[in-house]
Structures are given as structure tokens and as C-alpha cells.
Amino acid sequence: MDSSNQPIDFERLWEIVSRQFQCGAHSDHGPSHWRRVERNGLLLVEHSGADLIVVRLFALFHDSKRENEFTDPDHGKRGAAYARELRGGCFQVSDEQFELLDFACTWHTDLAHHRDPTIGTCWDADRLDLGRVGINPDPAYMNTQLGLELAGGGLRFRGDHEPT
Ligand SMILES: [Fe+2]
Ligand SMILES: [Fe+2]
């Protein structure tokens, strides 16, 4: 049997990942942000056709290895490496799903657009929470139709994203 079909115990996984987070419970990049990213993702997934499991895992891991609140350019890469560490023991996904998760975490601060709906949904879900740090989400950085609308970009959808 393909072990990637086993359901993920997200509650347990959240406990494990939250416990190791270094910036404290009130961090702008901590668990309360991850929860909002997850909630945004759940909303976007309904329209974007993204892989829900990958989007939920992205919410949990993408900022999980932040070491400070200001400049930490490698935190996405470390978040992806941490997910790789826990994969197999704490959660199961297919290789295809892990590849998407790895890419979305690694590049979430360096790249703006991606054609893959799961990666685009992950990034939009994160960016829609920029209000927490006093930044309005910018429609120019959105990948999904709903993300664009929620960021105030109206109904026009940029279908000509550069491949990234
Ligand atoms: Fe981040
Ligand atoms: Fe984030």
C-alpha cells in the first residue's frame, strides 16, 4: 500500500513544529500567522484547484525555521529541510506532493509567481496575511483569481505569469 495515502495527524504535527519554533508565541511569523495562512489557503483551494494537503503543510512549515523577525533570507530553505526531516516519521505525502511543498517553502520570499496552482495558492495564502505587519497585500504578487480579488485587484486575472 502506498504510505502517502495515510491521513496526516495535523494536530500532532502542529504541536511538534510549534514546540521547536524559536521566535516565541507572539512572533509575526509564528503559529498564529501559520493558522491564518492555513485559513486563507483553505479558502483559495476551493477555487484554485490546489492540493489541499500541500497547502496545509506549507502553512505549517514555511516560516517554522525563522530565527528572527527581520532578516532571515534562508528561513524558507530551512523550513523545507525541516519538512524533509519529519516526512516519513511524522507525516506521509507522495514524492510529487513533497516536491511542491519543498519548492513552495524554499522560494516563498524570493519568487513572486508560479504556474502551478498549488504553489501559487501557497504563496497567495501567505501574502494575504501581510496586513499583520502593516503591509497591504499587492495584487501584482498574486497568483490565483481569488487571491487577486482579495488583494483588491478586481476581476482581471494576469494569465501571462512568467514561468518560475
Ligand atoms: Fe517567510
Ligand atoms: Fe509567512
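For the structure itself, look to the data block above.
Residues numbered from 1 in each chain as written. Chains lettered and ligands numbered in written order. Predicted model: local features only at pLDDT ≥ 70, side-chain atom pairs only at ≥ 80, totals over all residues. Heavy atoms only, no water.

Participant: Give me the side chain of Asp126: which residues, what numbers.
Facilitator: In this fold, Asp126 is placed in helix α6 (residues 117-127). Setting aside anything within four residues of it in sequence, one finds Asp126 in contact with His33, Val37, Phe58, His62, Asp63 and His108. (Helix = DSSP H or I, 4+ residues; strand = E, 2+ residues; numbered from the N terminus. Contact = heavy atoms within 4.5 Å.)

Participant: Could you give me a rundown of the layout of surface pockets, with the residues and numbers involved?
Facilitator: Volume-wise, the largest pocket comes out at about 390 Å³. In terms of lining, the largest pocket is formed by 21 residues, of which the most central are Arg66, Thr109, Asp126, Leu130 and Arg132. For the lining of the largest pocket, the per-class residue count stands at 8 nonpolar, 5 polar and 8 charged. (1 Å grid on protein atoms, 1.4 Å probe; cavity = no way out; pocket = protein on both sides within 12 Å on 5 of 7 lines; lining within 4 Å. Points joined across faces, edges and corners; volume = space filled by probe spheres on them. Nonpolar A, V, L, I, M, F, W, Y, C, P; charged D, E, K, R; others polar.)

Participant: Could you give an account of the coordination of the iron ion (ligand 1), with specific residues and numbers?
Facilitator: Taken together, the protein ligands of the iron ion (ligand 1) are Asp63 (OD), His75 (NE2) and His108 (NE2), with distances of 2.1 to 2.2 Å. Here the iron ion (ligand 1) and the iron ion (ligand 2) are spaced 3.9 Å apart, and both take Asp63 as a donor. Pair noted here: Asp63 is in the loop between α3 (52-61) and α4 (75-86) and His75 is in helix α4, with a separation of 12 residues, a long-range link. (Donors = N, O, S within 2.8 Å, 3.2 Å for Na, K, Ca; no water.)

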